Structures are given as C-alpha cells and as structure tokens.
Amino acid sequence: MYDVIIIGGGPAGASAAIYTARGNLKTLVIDKAPGTGALALTHKIANYPGVEGELSGKELLEKMRRQAESFGAEFIQTTISAVDVEDEVKSIFTANGTFEAKAVIVATGSKGRNRMLPGEEQLLGRGVSTCATCDGAFYEGKHVAVIGDTEEAVEEAHALTKFADRITFLVPRADLQGVDETPELPKTEMLFRTRPLEIVGKNSVEGLRIRTAEGEEEVLDVDGVFVFLSGSKPGTDFLDGQVPLDEEGFMILDEYMQSAVPGVFGAGEVRKTPVKQAVVAAADGAIAAMAVDRYINKRSKIVPQYK
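The model shown is predicted, which means the values in this text are computed figures rather than measured ones. (Residues numbered from 1 in each chain as written. Predicted model: local features only at pLDDT ≥ 70, side-chain atom pairs only at ≥ 80, totals over all residues. Heavy atoms only, no water.)

Trainee: I'd like a description of the pairing of strand β1 (residues 2–7), backed by residues and values.
Mentor: Regular strands show a simple pattern: their side chains alternate between the two faces of the sheet. Buried residues dominate β1, accounting for 6 of its 6 residues. Bridge count for β1 against strand β6 (residues 97–106) is 5 bridges, and the pairing is parallel. Bridging across to β6, Ile6 finds its partner in Ile105. Strand direction decides the pairing type here: β1 and strand β2 (residues 27–31), joined by 4 bridges, are parallel. In the sheet register, Ile5 faces β2, and the bridge partner there is Leu28. (Buried < 20%, exposed > 50% of the residue type's maximum accessible area, 1.4 Å probe, protein only. Helix = DSSP H or I, 4+ residues; strand = E, 2+ residues; numbered from the N terminus. Pairing = 2+ DSSP bridges.)

Right, here's the structure in full:
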C-alpha cells in the first residue's frame, strides 16, 4: 500500500514526487515510457528557472527524477491496463501487477491524438489496439503492424514479439524520437518514412493501407494494428469514465488540482492549462502533491514545505 501513486513521470509527475516523498508520503511513480513525453523529446531548454545554460529535456527530467528518488520516491516503467479509483483505496492494474494507494495523481500529459486514422475508431477492439500488454496474447502466431515513432512504440513492439509471428513496424518519420539507436527486435521489419493511410476491414482488421518511402500505396495483409502515434489530446482515456472530464478529455480540477472524486488529483497537461510549459506542469505537480498531503493527513489546509 502506497500513500500516493503518480501516473506519469514528466515534469508534473516528477515534481509531485519530489514534494510527496519529501513530505514522508510513500510514493510510487508509474511511467509507461520515460523517454516519450513532450519534455523528454525536447532537444534544448534554456529557460527553466534555476538551471543555467542549455540542456536537453531528457537531462532535465533525469535531474528531477533523481531528486525525487533521493527523498525516497520509487519509479517503475510499466503499462497500465486498468484503474479503479472510485473506492477509498485506489487500485492501479499494470503488467507488473496491481498497486494500491490512498491517493492518485494523474500526470500523463497530452500524448493522445485528436485525429484517428480512417477505420481506427470503427475497429478499435476488433483488431485495433493501443496496448500490446493488454491485447498481445490475442495475436499468437499472427502478423501485426505497429505504428509509432517513439520509445513507447518500441516497448510495445517488444512486448508483441512474445506472441506475434511477424511484426511490421511503421515509422512515419526518418528516425525514432528519444531512441539513441534503432533497436533490433526479433520477427520485426522496420519501415521508415512510411505513412499509415487507412485501417481496412468491416467487422475486423483485414489490412493496413500505407504509403511507402518511395511514395507508392499498398495494403499490408495484417491481422491486427497497434497504434502509438503522438498528438495533443490529454492522455486520460485509461480513466474509463471514473473521473469527470470536459468535452475535450481534460480533467476537471479545482484550484488544488483535485477532481470531484475524493483522492484523485491531476497535474500538468491533463488539465486545460493556459500555456504548455514544463515549469507550469512542475508547479501543478507541487500543488497537487501538497493537496494530497492535506487529503491523506486530513488537514484543514495545505501546509507548504518551507523547511
């Protein structure tokens, strides 16, 4: 049992972990793909307060995470398959087992997409998936396509190698973001500069229409399509209707980053922030963390960490 589980290890999640751990709350941070978030993929930062000179977003995040770990926060990298946050004890179901906490901070950023591929929405759950850990076993011995260009897509493709007989990995860009070297995955063919155009099928996936690097169109004969493309939609789908969201998918939070569900908080780009900056997300994380401290210790007001 943890005091707080923070979902997402970007600037909001890492900042929250610094404050909760320093406040003697047993803290677990669950991060699906540490090198995939918007900050981690930022090549150069020169305006983060208190950090002189230039550094990459990945380097800044590593500093924040080490600071949180120095106060006792735990970080794990795994995929969340479901959550149950409506009860007093919050349960987070992952590929590494189930974790429980008294409070949860959602800091998953805005990696989701506003636009789907043609056929994606209609065939979601019928051959289209966004979770290899959840659905990989359904494709034992089959041919699947993975679409993505980040560390997250690589991790998901790796999970699929345990089940699929053949994997075609489509990378729309010329290279993978946040990945130093192109990975060697068994049973996997990497196709760079290859754009997905349409997921084909009526009642289930029958193929994937693509445009190759040479500009030609063709249809891949695949049994399933796993999509891991980035975008600007808040990553809140996994909450599955348990927490109030607005029409765009942002969490509805009060000034203390608390949702209408007791013990459930949000921080960073899961709320409709006026600007998207790492320092704003970090500030959200600090507020959410101190609000969690108030909630767990049943305080009447927030106690700032001046010491």
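Trainee: Outline the pairing of β2, listing residues and values.
Mentor: Judged by how many residues are buried, β2 sits mostly within the fold: 5 of 5 residues are covered. The two faces of β2 match: Thr27, Val29 and Asp31 on one face and Leu28 and Ile30 on the other face are all buried. Taken together, β1, helix α1 (residues 11–22) and β2 form a β-α-β motif whose crossover is right-handed. Bridge count between β2 and strand β3 (residues 74–77): 4 bridges; the pairing is parallel. Bridging from a neighbouring strand, Val29 pairs with Phe75 of β3. With helix α2 (residues 57–70) bridging β2 and the parallel β3, this β-α-β connection has right-handed handedness. (Right-handed = clockwise from strand over helix to strand, strands pointing away.)

Trainee: Break down the nonpolar core for me, with residues and values.
Mentor: Core analysis: the largest hydrophobic core is formed by 23 residues, its most contacted members being Ile6, Ala17, Ile105, Phe265, Ala288 and Val292. Sorting the residues of this core by element identifies β1, α1, β6 and α5 (278–296) as the ones contributing at least two each. Top contributing element to this core by residue count: α5, with 6 residues. Among all residues touching Ala17, those that are not within four sequence positions of it are Ile6, Arg22, Thr27, Val29, Ala68, Ala73 and Phe75. Within the second largest apolar cluster, 19 residues are counted, among which are Ile5, Ile80, Val83 and Val270. (Core = buried A, V, L, I, M, F, W, Y, C linked by side-chain atoms within 4.5 Å. Contact = heavy atoms within 4.5 Å.)

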